Amino acid sequence: MTLSRMKVRTICPFCGSGCGMYAIAEEGKIRIERRREHPVAEGVLCPKGTFSRKIVYHEKRVKKPLIRRGSKFEETTRKEALKIVAERIKEAMKDDPTRVGFFASAKITNEENYLIQKLARAVVKTNNVDHCVRLCHAPSAAGLIMTVGSGAMTNPIGDVVNAKTVLVAGYNPFNTHPAVFRRMMKAKRNGTKFIFIDPMKSKSSRLADIHLQPYPGTDVVLLNAMAKLIIDQGRVDEEFVKSRTVGYEEYVKGLEKYTLDYAEKVTGVPKDLIYKATELYATNKPSVIYRGMGITQHVSGTQNVIALAMLALLTGNIGKPGTGLCPARGQSNVQGACDMGCMPNMFPGYKKVNEENAKYYAEKRGVDYVPSEPGLVTREMIDAASEGKIDVLYIVGENPVISEPNNLSVREKLEKAPFVVVQDILMTETAELADVVLPAATRLEKEGSMTNTERRVQYFFKALDPLYEAKSDFHIIVELAKLLGADRNYTTVGQVTDEIANVVPIYRGITYDVLTKNEFGVARPYDPETGKSETILYAERFKTPDGKARFILPKEILPEDLIPNDEYPFLLISFRLLEHRNSGAMTHIIPELHRLSPEPRLVMNPKDAEKLGLKDGQMVTVESRRGKVKLKLKVADEVREGVVAMPYHFAETNVVVPHGFFDEVVKMPNFKGVPVKVYA
Ligand code: SF4
């Protein structure tokens, strides 16, 4: 039943900026209204936010629970579908709880993610729970925890206007986070200088005073050379290094080989540009670093994150306005899903999965134990399911058939998996392969909290009851947990919000009451006694046990197979488009967005195209050692010579990206810097 007229505060379902907006449900129709007073949105929505309501009524919605019968789906009731799912999970648990795996989701609320990992850990007794952070920012969390003790943005996005220099690495805010780009433009107008590190030119890089375009995969060499130059030029903030950090001497010793000549040779960036960029970052302070998946989606993703953190530590550019380390998180609630512990090696609040923390969480959850062995990451769960080592794979709101590398093999593996459940709002490519599909509610049909990229936790409300037979992910998970014997019976989302405030240390005090009274949310960490948030981290202490940051020498990692050669002379990278988001499941179905980019194109530098005799607009084949696709060519100097690029919101990109190359710390697949050949 639709409520007659309802105007509620909600949050855009797309990017991690977390723009607030109003949803107005009237006469069964939804409209979106801008919120001028919202501190992130400032009354502006990008095209994705503007058209987000169109998802609610789309014909691709999963309308009823479905069960596979042979090659077809049959409609059923939710009760029946959940009963089957629960029986399959119980059967698998009897043998071994690790024969069940869960994909949580960066699109759903904190409460829902918290419940999914609680179901996995406290009820099923497995740490096999992960989500799409494995494909975007897992190295950010790991690298920052290793160096400064906590894996999130240090400064709010509005603070960028206080910086005199902004270093933007592997990040295109115009396309990725328009709300962040708007603030960068404001900073530029105020005289802030910009350094871009990105093999691609973009609308964002028009802000650049200096643009370094390294070969993909060589960031560690570039950043280590910048660090060495800062030291050699006597630009180190010695007082800061002495009082706030450990490990400096060892780190400096390890930098010896990173001369400007070496960096120029490996990265292809002229050394005078590296020199100028370093001078600017180190002397025109305060300086802040923003970065995106151009940094993280490599075999050296964690090393790249560490290398950038080293620049901030050397120059004391952290803990103050206008400084900091800002990993801009992609999906609307990827920060929250990580905070809630939807990772196989981390309990909520980034507590490592080990004996001691397992005891803490078991006690807090009132259960006899939770497992203390780390579980499997997303791709490992898919592999295990295809090998008969996982009996039930439960996927919430994710689309690995498009978004995982070598995605054709993911399709084959899911076809072989014994039992796959997909809980989603749309009939995605992954849902098409499931044994049971459960219809979930869209953002506008439910309530809960989300945490944006700047750690702002905001509560949003339901504008209309779920259409068709959809239910909120909260509702479905609670029902399933009951069938599996969970003793806690939640009746409201707010009960879970309050449990998070009690159980997850970094959310202490962020109760339902606090969130619903603060219409723009509160940043975590939050002090319930004073009602204030720590909006800028590390002013006095880092979040390490002794309060000091760690100098760590980042390693160069570049396997032979990721180096271009005569046969595969180009390096392929992927990039984001303004009008699409991730696998494109929610954006390709919105006509106003789809028609802006209905198909992928391969971008190639004009000099490379000329050498190969290729013309703009013609069909070409892109072939890696693992796969090939045909698509149209776009000849443009948006990429440097030797590099080609494809948007990754289309299935084609991950046909070419191989499986099997991972960041050694967090198992992030190497999406960027794939040797390919291109031919007509
Ligand atoms: Fe939505 Fe991000 Fe656009 Fe804001 S900037 S409207 S959160 S997609």
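Note that the structure is a prediction, hence the values are computed from the model and not measured.

(A) Quick look at the overall build of the protein chain. The secondary structure content of the protein chain amounts to 24 helices and 30 strands. On C-alpha atoms alone, the protein chain measures out to a radius of gyration of 24 Å, which is about the 26 Å that the 2.2 N^0.38 rule sets for 680 residues. Taken over the C-alpha atoms alone, the protein chain extends approximately 65 × 65 × 50 Å along its principal axes. A buried classification covers 64% of the 680 residues belonging to the protein chain. A separation of at least 24 residues holds for 73% of the contacts in the protein chain among residues at least 6 apart in sequence. Accessible surface computed for the protein chain: about 24,500 Å², of which carbon and sulfur atoms make up 50%. The protein chain carries 97 positive and 84 negative side-chain charges, and their two centres are separated by 4 Å.

(B) View of the pattern of salt bridges. Counted according to the given criterion, the structure contains 44 salt bridges. Among the salt bridges present, the one from Arg-134 reaches Asp-130, with a minimum N-O distance of 2.8 Å. Of the two residues, Arg-134 and Asp-130, neither departs from the other in class, the shared state being buried. A salt bridge links Glu-387 to Lys-389; the shortest N-O distance between them is 3.0 Å. The network of salt bridges with shared partners includes Lys-7, Glu-26, Arg-31 and Glu-33.

(C) Up close: the packing of helix α4 (residues 138–147) against helix α13 (residues 301–315). Put simply, α4 and α13 touch, their axes get as near as 8 Å, and they point 45° apart. The angle between α4 and α13 falls in the class oblique. As for how α4 packs across α13, the hand of that crossing is right-handed. Counting all contacts with α4, which are made through Pro-139, Ser-140, Ala-142, Gly-143, Leu-144, Met-146 and Thr-147, the residues of α13 involved are Gly-301, Thr-302, Val-305, Ile-306, Ala-309 and Met-310. Its residues assigned to classes, the contact of α4 with α13 comprises eight nonpolar, five polar and no charged.

(D) Up close: the sheet that holds strand β18 (residues 436–439). The strand order across the open sheet built from seven strands is β5-β4-β18-β17-β16-β6-β7, with neighbouring strands paired in mixed fashion. If you trace the sheet from one side to the other, it starts and ends with β5 (72–75) and β7 (129–130), each paired once. Two strands pair when backbone bridges link them, and strand β4 (residues 66–69) and β18 are joined in this way by two bridges, in the antiparallel orientation. When the bridges of β18 are listed, Leu-66 appears paired with Val-437. Packed onto the sheet, helix α19 (residues 473–483) meets β16 (392–396), β17 (420–424) and β18 and runs at close to 155° relative to β16.

(E) Focus on helix α6 (residues 178–189). Between its first and last C-alpha atoms α6 spans 17 Å; for 12 residues at 1.5 Å apiece the expected length is 16 Å, and the two agree. Gly-191 sits one or two residues past α6 and shows a positive phi near 105°.

(F) Focus on the sheet that holds strand β19 (residues 448–451). Read across the sheet, three strands follow the order β19-β20-β21 without closing on themselves; strand pairing throughout is antiparallel. Edge positions in the open sheet fall to β19 and β21 (522–523), since each of these has one partner strand only. For β19 and strand β20 (residues 456–460), the ladder comprises four bridges, and the chain directions are antiparallel. Note that in β20 the partner of Ser-449 across the bridge is Tyr-459.

About the cut-offs
- Residues numbered from 1 in each chain as written.
- Predicted model: local features only at pLDDT ≥ 70, side-chain atom pairs only at ≥ 80, totals over all residues.
- Heavy atoms only, no water.
- Helix = DSSP H or I, 4+ residues; strand = E, 2+ residues; numbered from the N terminus.
- Rg over C-alpha atoms; globule rule 2.2 N^0.38 Å.
- Buried < 20%, exposed > 50% of the residue type's maximum accessible area, 1.4 Å probe, protein only.
- Contact = heavy atoms within 4.5 Å.
- Areas by Shrake-Rupley, 256 points an atom, 1.4 Å probe, with all protein chains shown as cover.
- Lys, Arg positive; Asp, Glu negative; His and termini not counted.
- Charge placed at Lys NZ, Arg CZ, Asp CG, Glu CD.
- Salt bridge = Lys/Arg side-chain N within 4 Å of Asp/Glu carboxyl O.
- Axes fitted to C-alpha atoms, helices over the stretch in contact; angles between N-to-C directions.
- Parallel < 35°, antiparallel > 145°, perpendicular 65-115°, else oblique.
- Left-handed = near helix turned anticlockwise from the far one by under 90°.
- Nonpolar A, V, L, I, M, F, W, Y, C, P; charged D, E, K, R; others polar.
- Pairing = 2+ DSSP bridges.
- Expected span 1.5 Å × (residues − 1).

So, to be careful, I would describe these as geometric facts and stop short of saying anything about function.
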